[in-house]
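Examination of the molecular architecture
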Amino acid sequence: NTFGLPMKLDTNGSNPKTLEKILNKGLLTVVAMDVKHDLFNFERMAETIGVRYEATDWQALMDSVSILSRFSNVQKIYRTTLLPTLHEVHFIKMLRTLERHWDDNSVFHLQWYDYSLAETPLVGEDPDLEAYERILNSFGFRYRFKNF
């Protein structure tokens with residue numbers, strides 16, 4: 001960028017073409033992207049949190065991840081909130097999807113679900129943090145826990 005300052009973009013990955021344009025201009029040093037569920041449970045997650053689901057939403061996210069993976073100089077932060085509706089098997093599928101796009105400049109952030117901020121709190125068991133840590137370690141992903 002013109003000022004030589006680091007620039008971060010937080011995105012849900014819904015607009016891959018715009019992301020690509022910004023990356024091609026060399027304007028970003030960090031991109032943080034929310035990855036909520038694996039493909040097979042994306043629709044269920046969207047309904048659970050009251051979001052309208054479109055079949056193209058998952059494809060847009062995957063296109064954004066793929067585009068981002070071509071920019072090895074950009075730090076990538078993939079983050080997931082540990083929702084009570086997220087199960088370990090879904091998390092593993094999600095990481096398998098990301099695995100082929102992972103590089104040395106990638107890190108995974110796990111965020112705790114804050115019931116107090118939700119309009120309609122989700123119902124379910126609190127995730128087993130140690131189990132998620134074991135899963136991340138099995139993939140060899142660098143990771144951080146946020147809001148714990």
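A brief structural summary.

1. A closer look at the overall build of the protein chain
In terms of regular secondary structure, the protein chain is built from five helices and five strands. Its helices and strands in sequence order give the protein chain the pattern β-α-β-α-α-β-α-β-α-β, from N to C terminus. Considering only residue pairs separated by 6 or more positions, the protein chain has 71% of its internal contacts joining residues 24 or more positions apart.

2. What about helix 5 (residues 129–139)?
Residues spaced three or four apart along an α-helix point in a common direction, a consequence of the helix completing one turn every 3.6 residues. Listed in full, the buried residues belonging to helix 5 are A131, Y132, I135, L136 and F139. On an axial view of helix 5, the arc spanned by its buried residues comes to 135 degrees, and they lie on one face. Across from the buried face of helix 5, at angles greater than 90 degrees, the exposed residues are E130, R134 and S138. Tucked into the core, helix 5 has its buried residues touching strand 3 (75–82), helix 4 (88–99), strand 4 (106–112) and strand 5 (143–146). Two residues or fewer after helix 5 comes G140, characterised by a positive phi angle close to 75 degrees.

3. What about the packing of aromatic side chains?
Taken as a whole, this structure holds six aromatic pairs when the rule is applied. Put simply, the rings of Y78, W102, F139 and F141 pair up and form one aromatic cluster.

4. Notes on the side chain of T81
Among the secondary structure elements, T81 is positioned in strand 3. At 3.0 Å, the side chain of T81 forms a polar contact with the side chain of Q111. Not counting residues within four places of it along the chain, the set of residues in contact with T81 comprises K36, L86, Q111, W112 and Y113.

5. Section: the pattern of salt bridges
Pairing of side chains with opposite charge becomes possible as their charged atoms draw close. For the coordinates displayed, the defined rule picks out five salt bridges. Here K8 and D10 are joined by a salt bridge, their closest N and O atoms 3.5 Å apart. By relative accessible area, D10 is classed as partly exposed at 42%. Salt-bridge contacts for R79 lead to D10; the nearest nitrogen and oxygen are separated by 2.8 Å. A residue pair is termed long-range when its members are at least 10 positions apart, and R79 in strand 3 and D10 in strand 1 (residues 8–11) qualify at 69 residues. Judged by relative accessible area, R79 falls into the buried class, the value being 13%.

6. Quick word on the environment of L98
By secondary structure assignment, the location of L98 is in helix 4. A C-alpha to C-alpha distance of 9.4 Å links L98 and V35, two positions 63 residues apart in sequence. Not counting residues within four places of it along the chain, the set of residues in contact with L98 comprises V65, Y78 and F108.

7. Quick notes on the nonpolar core
Residues L23, V31, M33, Y78, F91, L95 and F108 are the most contacted members of the largest nonpolar core, which totals 32 residues. Elements with a contribution of two residues or more to this core: helix 1 (16–24), strand 2 (30–34), helix 3 (55–69), strand 3, helix 4, strand 4 and helix 5.

Conventions used here
Residues numbered from 1 in each chain as written. Predicted model: local features only at pLDDT ≥ 70, side-chain atom pairs only at ≥ 80, totals over all residues. Heavy atoms only, no water. Helix = DSSP H or I, 4+ residues; strand = E, 2+ residues; numbered from the N terminus. Contact = heavy atoms within 4.5 Å. Buried < 20%, exposed > 50% of the residue type's maximum accessible area, 1.4 Å probe, protein only. Arc of directions from axis to C-beta. Phe/Tyr/Trp six-rings, centres within 6.5 Å; stacked < 30°, edge-to-face > 60°. Polar contact = N/O pair within 3.5 Å; in protein donor to acceptor, adjacent residues only side chain to side chain. Salt bridge = Lys/Arg side-chain N within 4 Å of Asp/Glu carboxyl O. Core = buried A, V, L, I, M, F, W, Y, C linked by side-chain atoms within 4.5 Å.

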